[in-house]
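Given next are the chains, with one letter for each unit.
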Amino acid sequence: MTAIGILGSGGRMGRAIGDALAGYGATLAGGIDAGGDPGPLAIAADVLVDFTVPGALAANLAAARAAGTPILIGTTGLNTAHHRLIDEATAEIAVLQTGNTSLGVTLLARLVREAAARLDSSWDIEIVEMHHRAKVDAPSGTAQLLGEAAARGRGTTLSDVSVIGRAGLSGDRAEGTIGIASLRGGSVAGDHQVIFAGPGERIELGHRAEDRAIFASGAITAALWLAGRTPGRYSMAEVLGL
């Protein structure tokens, strides 16, 4: 059976993954939290899953590279420097980085990309996401993932066209931009809606997470798929064969 090592084993996702492993015929190689050494865990595991914090990514990637162990990165809030580290690591190990491990969100991203590619810029794209009150980053990794999917469909990059929140006298909406708004409150596991607002009509594509277990299920499915892959950068879409 595939042995999965959990980086961030005491967090919400880490605990959920650990609880669900047996149902997938996988075993737990071990887990660490803040201050733990990822090196021995990387050696013991067939594949690592990382749901920690951006500040831990460099050490976790270094341990995975030293051991030659594939790693799934579900940590959100990553910046350009983090993605550069990931790209460097893919020369030596298989890495799957994603802002959301839900299989439903993965399919939603593909639908968003297809819609954006077929609707011209007279259709405004707005993304609204809501999460529980304890979430520390905004916009969510999933909102950015969906925004990137829409931008790819339009033949551009999200960084060039995104508008994160609006306040004050913001003026008319610039054509071709992708708006992202974040809501926080209660115990919401994750709600995401992508709105295509055209002249006289509107299309809404969305996903609602009703149980955090869906993210653990998707993470385990992806980790099992990633184990044994050749070095490179992979995505959740490839796990679904999209």
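Residues numbered from 1 in each chain as written. Predicted model: local features only at pLDDT ≥ 70, side-chain atom pairs only at ≥ 80, totals over all residues. Heavy atoms only, no water.

Draft legend 1. Structural view of the sheet that holds strand β11 (residues 232–234). Pairing within the open sheet is parallel, and its 6 strands lie in the order β2-β1-β3-β4-β5-β11. If you trace the sheet from one side to the other, it starts and ends with β2 (27–32) and β11, each paired once. In this sheet, neighbouring strand axes are inclined to one another by 20 degrees on average, regardless of whether the strands run parallel or antiparallel. Pairing geometry for strand β5 (residues 94–97) and β11, over 3 bridges, is parallel. Paired with L96 across the strands is Y234, a residue of β11. Across the sheet, helix α3 (residues 57–67) lies against β1 (3–7), β3 (47–50) and β4 (71–73), angled at about 160 degrees from β4, the strand it touches most. (Pairing = 2+ DSSP bridges. Helix = DSSP H or I, 4+ residues; strand = E, 2+ residues; numbered from the N terminus. Axes fitted to C-alpha atoms, helices over the stretch in contact; angles between N-to-C directions. Contact = heavy atoms within 4.5 Å.)

Draft legend 2. Highlighting helix α6 (residues 141–153). With 13 residues, α6 extends 18 Å from end C-alpha to end C-alpha; this agrees with the ideal 18 Å at 1.5 Å per step. Counting buried positions over the 13 residues of α6 gives 10, a clear majority of the element. Of the residues making up α6, those classed as buried are G141, T142, A143, L145, L146, G147, A149, A150, A151 and G153. Among the residues trailing α6, G155 stands out with phi positive, at a value near 75 degrees. (Expected span 1.5 Å × (residues − 1). Buried < 20%, exposed > 50% of the residue type's maximum accessible area, 1.4 Å probe, protein only.)

Draft legend 3. The arrangement of the pattern of salt bridges in detail. One pass over the full model with this rule turns up 10 salt bridges. Across the pair E92 and R65 runs a salt bridge whose closest N-O atoms are separated by 2.9 Å. Within this pair, whereas E92 is found in the loop between α4 (80–89) and β5, its partner R65 is found in helix α3, the two being separated by 27 residues in sequence. Of the charged contacts in the structure, one is a salt bridge between K135 and D137, with a shortest N-O distance of 3.1 Å. The class for D137 is buried, based on a relative accessible area of 16%. Among the charged side chains, a network of salt bridges with common partners joins D124, E126, R166 and R173. (Salt bridge = Lys/Arg side-chain N within 4 Å of Asp/Glu carboxyl O.)

Draft legend 4. The layout of surface pockets, seen in detail. There is about 980 Å³ of room inside the largest pocket. As for the largest pocket, its lining consists of 36 residues, of which Q97, Q144, L145, E148 and R152 are closest to the centre. Secondary-structure elements contributing two or more residues to the lining of the largest pocket are α4, α5 (103–118), α6, α7 (158–161), β7 (162–164), β11 and α9 (236–239). Broken down by element, the lining of the largest pocket gets its largest block of residues, 7 residues, from α6. Split into classes, the residues belonging to the lining of the largest pocket amount to 13 nonpolar, 18 polar and 5 charged. In this model, the second largest pocket occupies a volume close to 720 Å³. (1 Å grid on protein atoms, 1.4 Å probe; cavity = no way out; pocket = protein on both sides within 12 Å on 5 of 7 lines; lining within 4 Å. Points joined across faces, edges and corners; volume = space filled by probe spheres on them. Nonpolar A, V, L, I, M, F, W, Y, C, P; charged D, E, K, R; others polar.)

Draft legend 5. Spatial organisation of the side chain of S102. Following the sequence through the fold, S102 ends up in the loop between β5 and α5. The contacts of S102, once residues within four sequence positions are left out, are H207, I214 and F215.

Draft legend 6. A look at the nonpolar core. Counting residues in hydrophobic clusters, the biggest one holds 26 residues, and the most contacted among them are I4, I17, V49, F51, L72, L96 and L226. Looking at this core, the elements with two or more residues in it are β1, α1 (12–20), β3, β5, α8 (213–226) and α9. No other element matches the 8 residues that α8 contributes to this core. Not counting chain neighbours up to four residues away, the residues in contact with L96 comprise I71, L72, I73, A222, W225, L226, Y234, S235, M236 and V239. Counting residues in each nonpolar core, the second largest holds 22 residues, with I127, L146, I178 and I180 among its members. (Core = buried A, V, L, I, M, F, W, Y, C linked by side-chain atoms within 4.5 Å.)

Draft legend 7. How the structure looks around the sheet that holds strand β8 (residues 178–184). Taken together, 5 strands build an open sheet; the order of strands is β7-β8-β6-β9-β10 and the sheet is mixed. Looking along the sheet, the strands with just one partner apiece sit at the ends: β7 and β10 (201–208). Taking each pair of neighbouring strands and ignoring which way they run, the sheet shows an average axis angle of 20 degrees. Pairing analysis gives 7 bridges linking strand β6 (residues 124–131) to strand β9 (residues 191–198), with the strands arranged antiparallel. Among the inter-strand pairings, V128 is bridged to a residue of β9, identified as Q193. Along the sheet face, α6 touches β6, β8 and β9 and points at about 165 degrees away from the line of β6.

Draft legend 8. Representation of the packing of aromatic side chains in the model. Scanning the entire structure with this criterion turns up 1 aromatic pair. With a centroid separation of 5.4 Å and 80 degrees between ring planes, the pair formed by W225 and Y234 is classed as edge-to-face. There is no split in this pair, since W225 and Y234 are both buried. (Phe/Tyr/Trp six-rings, centres within 6.5 Å; stacked < 30°, edge-to-face > 60°.)

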